[in-house]
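# Residue-level structure breakdown
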Amino acid sequence: AQSVTQLDSQVPVFEEAPVELRCNYSSSVSVYLFWYVQYPNQGLQLLLKYLSGSTLVKGINGFEAEFNKSQTSFHLRKPSVHISDTAEYFCAVTPNAGKSTFGDGTTLTVKP
Amino acid sequence: DGGITQSPKYLFRKEGQNVTLSCEQNLNHDAMYWYRQDPGQGLRLIYYSQIVNDFQKGDIAEGYSVSREKKESFPLTVTSAQKNPTAFYLCASSIGLSGANVLTFGAGSRLTVL
């Protein structure tokens, strides 16, 4: 079984500041890692994913994440946030032949 | 454009009534899923289906039922046996059940029990 812990339930930041949303996971098997974003009253959409290869992955809207196998983490970062980045962000892990396990989400609020 | 259509977007139900949420996809995806989302919580899997006429229970299937008569359709029925049905329901699909596959989500249906 897998579990996902998003270490911050809410992250307030000012516009143009950098941000990091933290995600740790545990699993007894290899997993694929994903970050999804959800805007109010909408479904989730993919930000980025790590399947294999380079541990630094780049996604849409200037976001990137780094896979750290030894620390079982997959933190999401953006060097300069915009008001439009205000949303809820979900980290998810999926084993090769299983279903996704989602974290509880982190609400990012960007203030002017 | 390809995508997933969920309807209705908002639904109100009286206690003791069954309601059915619609989910249609035109992505030609084999796998489809239903998730429940409650405030401050992640997504919890209700049911999933890999092929037509076959589906499996997820983590919280009690009080719910599904059917998969067509590849593009995966309706969810919330029955009166579901004790706390007020929630946001998300339908998703993927090419297959491989963990590397990305989930594509619909816009969701918000169910409120009066």
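As shown above, the structure is provided for reference.
Residues numbered from 1 in each chain as written. Chains lettered and ligands numbered in written order. Predicted model: local features only at pLDDT ≥ 70, side-chain atom pairs only at ≥ 80, totals over all residues. Heavy atoms only, no water.

## Structural notes on the sheet that holds strand E8 (residues 76-78) of chain B
Residue and element names in this part refer to chain B. Pairing in this open sheet of four strands is antiparallel, and the strands run E1-E3-E8-E7 from one edge to the other. Among the strands making up the open sheet, the edge pair consists of strand E1 (4-7) and strand E7 (64-66). Taken over all neighbouring pairs, the strand axes of this sheet differ in orientation by 20° on average, direction set aside. Sheet topology places E7 next to E8; three bridges connect them, and they run antiparallel. (Pairing = 2+ DSSP bridges. Helix = DSSP H or I, 4+ residues; strand = E, 2+ residues; numbered from the N terminus. Axes fitted to C-alpha atoms, helices over the stretch in contact; angles between N-to-C directions.)

## Let's talk about the pairing of strand E6 (residues 54-57) of chain B
Residue and element names in this part refer to chain B. Relative to E6, strand E5 (residues 43-51) is paired through three bridges, and the arrangement is antiparallel. Looking at the pairing, Ile 51 lines up with Asp 54 of E6. Connecting the antiparallel pair E5 and E6 is a turn made up of two residues, with Asn 53 showing a positive phi of about 65°.

## Some words on the state of the cysteines
Per the stated rule, a full pass over the model turns up two disulfides over all chains. The disulfide bridge from A:Cys23 ends at A:Cys91, spanning 2.0 Å between sulfur atoms. Handedness here is read from the sign of the S-S torsion; for A:Cys23 and A:Cys91, about -70°, the answer is left-handed. One end of the pair, A:Cys23, is in strand E4 (residues 23-27); the other, A:Cys91, is in strand E10 (residues 87-95), and 68 residues separate them in sequence. For A:Cys23, a relative accessible area of 0% puts it in the buried group. Judged by relative accessible area, which is 0%, A:Cys91 ranks as buried. One disulfide bridge connects B:Cys23 with B:Cys91, the sulfur atoms lying 1.9 Å from each other. (Disulfide = S-S within 2.5 Å. Buried < 20%, exposed > 50% of the residue type's maximum accessible area, 1.4 Å probe, protein only.)

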